[in-house]
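Structural description and commentary
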Amino acid sequence: MINDGKIYNFTRSEYPLNHTASVNAIDKDRTGCLYVSSGDVLLKIKDNKCIEEYPFPQDPFSSDSQITAIYADENGEIWVGGYDTTGNEGIGILADEGIKLLYKKLGRVKKIIKAPDGSLWMLAKYGLLKYDGTTFHEILTETDGQEFYNMSDMAIARDGKIWLVSSKLLMSFDGENITKYQYDSEYPNPLGYIDIDGDDI
């Protein structure tokens, strides 16, 4: 991590539970604390020190679990997406007792972003979820014929249009209509991430 012009490297000895797995997601809350996924654990980092660890809720029979998405909203809520090998997967929030799963029907959540209207959108294993502040809504699912299993990233444009990307497909959704853009390349997996800079995708 880079802070105040210095590079900080967190080693195994700094984590009481010795979690040093790959980082899948990172975000900062309104107080300046960093939340970092380290395998199956959410790390809370303040002043360059790990001050709390929150394991992803895992079935006792699961051999592995992963935290795959983090979003810190302006109200102080920390949203967490993840999964374990028994199918215990979905989206949850960080509560007093730890990570609490709230919705599991569409599988692990890969990305969480906020739309211009204030709603939260979540790219899940089997579809798109929208949270309007009180209720989760399944907007597009595998039953709609979309290839969500292979979707790896999502972004929202200023006009509210949602863009999704897989290895060979770019897709936009305006709330009613879906537009697909095929990408032909000699490389087996040419696309993986998406970002929006003004009007450029």
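No experiment lies behind these values; they were computed from the predicted model shown.

Ranked by internal contacts, the top residues of the largest apolar core, which has 15 residues, are W79, I91, V109, I112, M122, L129 and F136. Taken together, the elements giving at least two residues each to this core come down to β7 (65-72), β9 (90-95), β11 (109-114), β12 (120-124) and β13 (127-131). Sort the elements by how many residues they give to this core and β12 lands first, with three residues. In contact with M122, other than residues within four places in its own chain, are W79, I91, V109, K111, I112, G127, L128, L129, Y131, F136 and M154.

Attention shifts here to the sheet that holds strand β15 (residues 153-156). Pairing in this open sheet of four strands is antiparallel, and the strands run β15-β16-β17-β18 from one edge to the other. Strands with a single pairing partner mark the edges of an open sheet, and in this sheet they are β15 and β18 (178-182). The average angle at which neighbouring strand axes cross in this sheet is 20°, direction not considered. Relative to strand β17 (residues 169-173), strand β16 (residues 162-165) is paired through four bridges, and the arrangement is antiparallel. Residue V165 lies in a different strand from β17, and its bridge partner there is L170.

Quick look at the side chain of Q66 now. One can find Q66 in strand β7. A polar side-chain atom of Q66 sits 3.1 Å from a polar atom in the side chain of N24.

Let's shift gears to the side chain of D29. With respect to the secondary-structure elements, D29 resides in the loop between β3 (26-28) and β4 (34-38). The buried charged residue D29 lacks any salt bridge, with K44 as its nearest oppositely charged partner at 5.2 Å. A distance of 2.7 Å separates the side chain of D29 from the side chain of T31, its partner in a polar contact. Separated by 2.9 Å, the side chain of D29 and the backbone nitrogen of C33 make a polar contact. If we ignore the near neighbours within four places in the chain, the residues touching D29 are Y35, A72 and I78.

All right, on to the packing of aromatic side chains then. Inspection of every chain in the model, using the stated rule, returns five aromatic pairs. Pairwise contacts between aromatic rings join W79, Y103, Y131 and F136 into one cluster.

To continue, consider unusual backbone geometry. Phi at D47 takes a positive value of approximately 50°, unusual for a residue other than glycine. Summarising the element assignment, D47 is placed in the loop between β5 (41-46) and β6 (49-55). Given a relative accessible area of 64%, D47 falls into the exposed group.

Another aspect to go through is the confidence of the model for the chain. Residue-level pLDDT values for the chain average 80, and 79% of them are 70 or greater. Low pLDDT, under 50, characterises residues 15-19; the predicted model gives this stretch twelve contacts beyond four residues in sequence or across chains.

So, on to the layout of surface pockets. Volume-wise, the largest pocket comes out at about 480 Å³. Forming the walls of the largest pocket are 19 residues, and the residues nearest its centre are N24, T68, K110, K111 and S152. Elements supplying a minimum of two residues to the lining of the largest pocket: β3, β7 and β11. In terms of residue count, β7 provides more of the lining of the largest pocket than any other element does, five residues in total. A class-by-class count of the residues in the lining of the largest pocket yields nine nonpolar, four polar and six charged.

A word on the environment of C33. Counting through the fold element by element, C33 comes out in the loop between β3 and β4. With near-sequence residues (within four places) excluded, C33 lies in contact with D27, K28, K44, I45 and K46.

What follows concerns the pairing of β9. For a regular strand, the rule is simple: side chains alternate between the two faces of the sheet. Counted residue by residue, β9 has five buried out of six residues, so it is predominantly covered. As defined by bridge partners, strand β8 (residues 78-84) adjoins β9 across four bridges and the pair is classed as antiparallel. Looking across to β9, one finds that W79 is bridged to I93. Sheet topology places β9 next to strand β10 (residues 98-103); five bridges connect them, and they run antiparallel. By the bridge assignment, I93 is partnered in β10 with K100. Where β9 folds back on β10, the antiparallel hairpin that results is connected by two residues.

About the thresholds
- Residues numbered from 1 in each chain as written.
- Predicted model: local features only at pLDDT ≥ 70, side-chain atom pairs only at ≥ 80, totals over all residues.
- Heavy atoms only, no water.
- Core = buried A, V, L, I, M, F, W, Y, C linked by side-chain atoms within 4.5 Å.
- Buried < 20%, exposed > 50% of the residue type's maximum accessible area, 1.4 Å probe, protein only.
- Helix = DSSP H or I, 4+ residues; strand = E, 2+ residues; numbered from the N terminus.
- Contact = heavy atoms within 4.5 Å.
- Pairing = 2+ DSSP bridges.
- Axes fitted to C-alpha atoms, helices over the stretch in contact; angles between N-to-C directions.
- Polar contact = N/O pair within 3.5 Å; in protein donor to acceptor, adjacent residues only side chain to side chain.
- Lys, Arg positive; Asp, Glu negative; His and termini not counted.
- Salt bridge = Lys/Arg side-chain N within 4 Å of Asp/Glu carboxyl O.
- Phe/Tyr/Trp six-rings, centres within 6.5 Å; stacked < 30°, edge-to-face > 60°.
- pLDDT = per-residue confidence, 0-100.
- 1 Å grid on protein atoms, 1.4 Å probe; cavity = no way out; pocket = protein on both sides within 12 Å on 5 of 7 lines; lining within 4 Å.
- Points joined across faces, edges and corners; volume = space filled by probe spheres on them.
- Nonpolar A, V, L, I, M, F, W, Y, C, P; charged D, E, K, R; others polar.

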